[in-house]
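Listed below are the residues making up each chain.
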Amino acid sequence: MISNEAADAAEQEAAMMLLDKLQDKVLEVIEYFPWYKGLIGGETTDYELQNLPLLTAEILETHYYTVSANPSLAVYRTSGTSSGRRKAIFYSEEDEKHYVDIKTKLFGELIAGGGCTRAMADMGTGHAAATALTIFERLGLEKSAIPFELPVEQHIERIQAFKPDLLYTMPSILDHIVYASDNPRALGIRKIILVGEIASPEWQRNMARLFGLDPRDITDTYGSIEIGTIAYYSHDLGRYIFADGIYAEGIGTQELGGELRPLGTDESILVLTSSVRKMLPAVRFVTYDVIRDFRPVMVGGVMKQSFGSIVKRVGRELKHGEKISLYDIEQVVYRHLEDAIIRVQVRNNALTVSVKSKSADHTILPVIRDEIRDCIPEIGMMIRGHLLKEIEVILAAGDEPLESGQVKNKKLYYQPQKDRAGINLSGGILAAIGNTPLIRLGNLFRNSGFEVYAKMELLNPGGSAKDRPALRMIQEAWKAGEIGPGTSIIESSSGNMAISLAMICKYLGMQFISVVDPRTTETNFQILKALDAKIDVVAEPDPDTGEFLPARLKRVQQLLAELPGSCWLNQYGNPNNYLSHYHTTMKEIVTALDRIDYLFCSVSTCGTIRGLAEYARDHGLKTRIVAVDAEGSGIFGGNKSRRRFPGLGAGIVPPFCRTELIDRIVHVSDSEIVAGCRALAQNESVLAGASSGGIIAAVKHMEQEIAPGSVCGVIVHDKGERYLDTVYSDSWVQNQFGHSER
């Protein structure tokens, strides 16, 4: 501990060094951002930092975040989870160089002597992810990265295959890896560098133990997309040390004004000035992060600014929730449950701590609740003052997803209620989704010796099974504060998912943009237009694969970059896709039937079949799962070729595909699909879409091997009216196959 006199002297020295450069910095900011001149009242030659304005979110939203992109600059966009809008952050080549230089130097110091030769980034999107491989390469490390949209099982598979010594990731992703891994130590990771959300010391110690590491082998780094690298955690000092080029200040909430309440003892809001960041007016940038114990310390003979911990965020959207610290909550939980995954929500003035742990039982929950109240007196005061309801600590079941449903979700935000109050996420037309009837196909399979029951998903209000995942994806994103009224939802879909999302978005007051390809039917175009959806057509397939899906996904990313406040639900990687069928569709089938021996399901994104199959596995059902795929699809290998019908098959292996859950795969031809559709219409008066015809054909394929007396289920995915110009058109069939189907 240094003396107060030494601390004051160090502070003055740092301020003097900044003042030497401050005039040049302000003039640089004015050069790149002329509006800043008006903000400071014109140019002067007498600059003092405390006299310059705080660069608040309001100022940046007005002048910076929403301006048009300069094509010469790299642009990164925030996820929009806290503000409901995606903000554009610009980097020049010089900014990028400084960023990479600082992180390369830091990473080199952190892994020195650790014997690391292979490094993997597992962290999602954004600036840190975009530059990680460059940093690894400069350090001479063999490099790899994991797309964070993949299911956690595939994260583990990729780590096992690549065998990284260094893992660069986010705390929330590491949570999921630990929980899903039988033995984290077996992954062989030597060093872990963290970025992103809060990583409390107690959490870090637990992770070190679980991976069989010394606590010094896990290092938390602190950065932001606006500023870049800000600080790193020193195990020697037990503190965060600011990076080179950063000058920090700690201010109180009174300096920001508004409705913010005073902070706790020794807490302050972090304000930063960067001498190396040019394409952001980085003078007194307000981070809205609350830090504790802000003071200088001696590092290698040099006085450095530092702080003890990051404990929470404040902002206009936080209101009463601003006093709640995820940092403190984690410290309590991890004292009792070393393997816990934690999610904290503040909604409608109620605090809920959801915990998933293999070692917990319900007796520990009241202890955790009481300790949280004891260590954060403000929470108890708010409860007694009826600003918050009683704390609720919930233990999630092993197969139950934590409420937000997202990977990157450890930061604690108070969800704004403005423009969201009174919105019923399951009312109106949405109330009609699910609970579809199950009917016996007694005519079509009269002489088969087994029974076939059809789950009539075509009777959902949007006309298909896609209503279920569309609704759950939107509900969960809405609850997490990622979307709301006015959000533009973007999705790649050639038909049913697009129609479902268009219907739901229209009801909830959101814009929907459907990225499609030329195979989309005219009927679907007309339905989407009737629901006020915007249609973006990708005319050419991806040149590398010859498939339309990669080209559509590239277009989605372009639209996200172009449209502030937009959101991609990602039906191909969003776990709420398959969880919708896990929690509703399969449960409904099992409730209606005493037993089910075979379940036939067509595949495309593989969301439906995964949800059905995981439910059957988790509940000990002996149901054989049959995947029905189109000839020419690449989902299960084989030669890819032309497929005439959207919604059946895919050109890639979808992230949801889990072949170990599937007992049998049946491929059907386009002509068999047509025959199956028409047989269903003629024998059962069910006018269904192409994938349902494929399922009927698959049952016919297996007719001789299904034991007499068996009970079979088939998923009738969508309505046939959308295929009147193809499947049910004699002239189209004659043109395509050289014969008509009757």
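What about the packing of helix 12 (residues 467–479) against helix 16 (residues 576–592)?
The geometry of helix 12 relative to helix 16 is characterised by a closest axis approach of 8 Å and an angle of 125° between their N-to-C directions. Between helix 12 and helix 16, the interaxial angle falls into the category oblique. Taken as a pair, helix 12 and helix 16 cross one another with a handedness that is right-handed. Of the residues in helix 16, those touching helix 12 at Arg 468, Pro 469, Arg 472, Met 473 and Glu 476 are Asn 576, Asn 577, Leu 579, Ser 580, His 581, His 583, Thr 584, Thr 585 and Glu 588. Looking at side-chain class alone, the contact of helix 12 with helix 16 contains 3 nonpolar, 7 polar and 4 charged residues.

Description of the packing of helix 7 (residues 171–180) against helix 8 (residues 201–211)
Helix packing geometry: the angle between the two helix axes and the distance between the axes. At their nearest, the axes of helix 7 and helix 8 sit 12 Å apart, and the two run at 40° to each other. Compared by their axis directions, helix 7 and helix 8 come out oblique. The two elements helix 7 and helix 8 cross, and the hand of that crossing is left-handed. Residues Pro 171, Leu 174, Asp 175 and Val 178 of helix 7 pack against Trp 203, Met 207, Leu 210 and Phe 211 of helix 8. Tallied by class, the residues present in the contact of helix 7 with helix 8 amount to 7 nonpolar, no polar and 1 charged.

Some points on the environment of His 336
In this fold, His 336 is placed in helix 9 (residues 326–336). Spatially, the C-alpha atom of His 336 lies 7.8 Å from that of Ile 368, the residues being 32 residues apart in sequence. Apart from the residues within four sequence positions on either side, His 336 is in contact with Ile 364, Val 367, Ile 368 and Glu 371.

Quick look at the sheet that holds strand 23 (residues 534–537)
On the basis of which strands lie adjacent, the open sheet formed by 4 strands has the order 23-22-21-24 and parallel pairing. In this open sheet, the two strands that pair with only one neighbour each are strand 23 and strand 24 (566–568). Ignoring which end each strand starts from, the neighbouring axes of this sheet average 25° apart. Summarising the sheet, strand 21 (residues 488–492) and strand 24 pair through 3 bridges and their orientation is parallel. Bridging across to strand 24, Ile 490 finds its partner in Trp 568. Strand contacts of helix 13 (residues 496–508): strand 21 and strand 22 (511–516), with the helix running at about 170° to strand 22, the strand carrying the most contacts.

Remarks on the state of the cysteines
Applying the stated criterion across every chain, the model contains 0 disulfides. No disulfide involves Cys 601; its sulfur sits 8.5 Å from the nearest other cysteine sulfur, which is in Cys 606. Judged by relative accessible area, Cys 601 falls into the buried class, the value being 1%.

Describing the sheet that holds strand 4 (residues 142–145)
In spatial order, the strands read 4-3-5-6-7-8-9-14-13; together these 9 strands make up an open sheet with mixed pairing. One side of each edge strand has no neighbouring strand; the edge strands of this open sheet are strand 4 and strand 13 (295–299). The average undirected angle you get between the axes of adjacent strands in this sheet is 30°. Relative to strand 4, strand 3 (residues 118–122) runs parallel, the two being bridged by 4 bridges. Bridged to Ala 121 within strand 4 is Ala 145. Together, strand 3, strand 5 (166–169) and strand 6 (191–194) form the strand contacts of helix 7, whose direction differs from that of strand 5 by roughly 120°.

Quick notes on the rules
Residues numbered from 1 in each chain as written. Predicted model: local features only at pLDDT ≥ 70, side-chain atom pairs only at ≥ 80, totals over all residues. Heavy atoms only, no water. Axes fitted to C-alpha atoms, helices over the stretch in contact; angles between N-to-C directions. Helix = DSSP H or I, 4+ residues; strand = E, 2+ residues; numbered from the N terminus. Parallel < 35°, antiparallel > 145°, perpendicular 65-115°, else oblique. Left-handed = near helix turned anticlockwise from the far one by under 90°. Contact = heavy atoms within 4.5 Å. Nonpolar A, V, L, I, M, F, W, Y, C, P; charged D, E, K, R; others polar. Pairing = 2+ DSSP bridges. Disulfide = S-S within 2.5 Å. Buried < 20%, exposed > 50% of the residue type's maximum accessible area, 1.4 Å probe, protein only.

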